[in-house]
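Residue-level structural notes
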Amino acid sequence: MIYLRLIWAYFKIGLFGFGGGYAMLALIEREIVGPGWVSKQMFTDIVAISQMTPGPIGINSATYIGYVAPGEYSADLSSPLYGILGSIVCTLVVVIPSFLLVAYTSHLIHRHRDSDVVKGIFMGLRPVVVGLIASAALLLMNGENFGTTDYQLVWSIALCAAAFVMVYNLKWHPILIICIAGMAGWLIY
């Protein structure tokens, strides 16, 4: 049944999703797009929607994927009630492992924060998290996001570079850049 498969997939994502939502994207993509529950295009759209809505991207995407996956899996499960059940299940399952790990380890980490072992563990995790976030960036550099024609690709790269400069160098507010990008996309495409 799809719900048991979603529980297993999101349990793994919640348990091993170190570094936040962007670091989870490669794992989410492998666990959700791989079995065919959602298409690559739908996954890209889910990531975009998850980024625009308040809350962590991992939880937002779990809620949305939980809603659409039952209907994509079987036409018999296309009722909104099955989607709501999937949303609740995926959201809870992705949160519970992290919650339990933090609840269990927080007092240990706090008590041993000056320990060389704990410092070493976190020093080892930091570059891995950066690598996972970089892999998420590469995962999102696809035809669904940058277009398939030369015209779309050139404009997409220009918009990406402009957004990077506006945020990193000019220190513009990200909400302003999102609004400008939306208007530019409407005008260009």
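Whatever comes next refers back to the structure up there.
All values derive from a computational prediction rather than experimental measurement.

Quick notes on the rules
- Residues numbered from 1 in each chain as written.
- Predicted model: local features only at pLDDT ≥ 70, side-chain atom pairs only at ≥ 80, totals over all residues.
- Heavy atoms only, no water.
- Core = buried A, V, L, I, M, F, W, Y, C linked by side-chain atoms within 4.5 Å.
- Buried < 20%, exposed > 50% of the residue type's maximum accessible area, 1.4 Å probe, protein only.
- Helix = DSSP H or I, 4+ residues; strand = E, 2+ residues; numbered from the N terminus.
- Contact = heavy atoms within 4.5 Å.
- 1 Å grid on protein atoms, 1.4 Å probe; cavity = no way out; pocket = protein on both sides within 12 Å on 5 of 7 lines; lining within 4 Å.
- Points joined across faces, edges and corners; volume = space filled by probe spheres on them.
- Nonpolar A, V, L, I, M, F, W, Y, C, P; charged D, E, K, R; others polar.

Attention shifts here to the nonpolar core. In terms of nonpolar packing, the biggest core is built from 29 residues, with Tyr-10, Leu-25, Ile-28, Ile-32 and Phe-43 touching the most fellow members. Residue assignment for this core shows that the elements contributing at least two residues are α1 (2-16), α2 (21-32), α3 (40-52), α4 (57-73), α5 (80-111) and α6 (116-140). The element best represented in this core is α1, accounting for six residues. Every residue in contact with Ile-28, bar those within four places of it in the chain, is listed here: Tyr-10, Ile-13, Val-33, Phe-43, Gly-58, Ser-61 and Ile-65.

To find leftover empty space, a probe the size of one water molecule is rolled over the atoms. Roughly 1,500 Å³ of internal volume is contained in the largest pocket. Considering the residues around the largest pocket, the lining is formed by 35 residues, among which Gln-51, Cys-160, Ala-163, Ile-178 and Ala-181 are closest to the centre. A total of nine residues in the lining of the largest pocket trace back to one element, the largest contributor, which is helix α8 (residues 150-168). Here the lining of the largest pocket is composed, by residue class, of 24 nonpolar, nine polar and two charged. For the second largest pocket, the lining is made up of 15 residues, of which Phe-18, Thr-105, Ile-109, Phe-122 and Leu-125 are closest to its centre. Of all the elements in the fold, those that place two or more residues in the lining of the second largest pocket are α1, α5 and α6. For the lining of the second largest pocket, the element with the most residues is α5, which contributes six residues. Class assignment of the residues belonging to the lining of the second largest pocket gives a composition of nine nonpolar, six polar and no charged.

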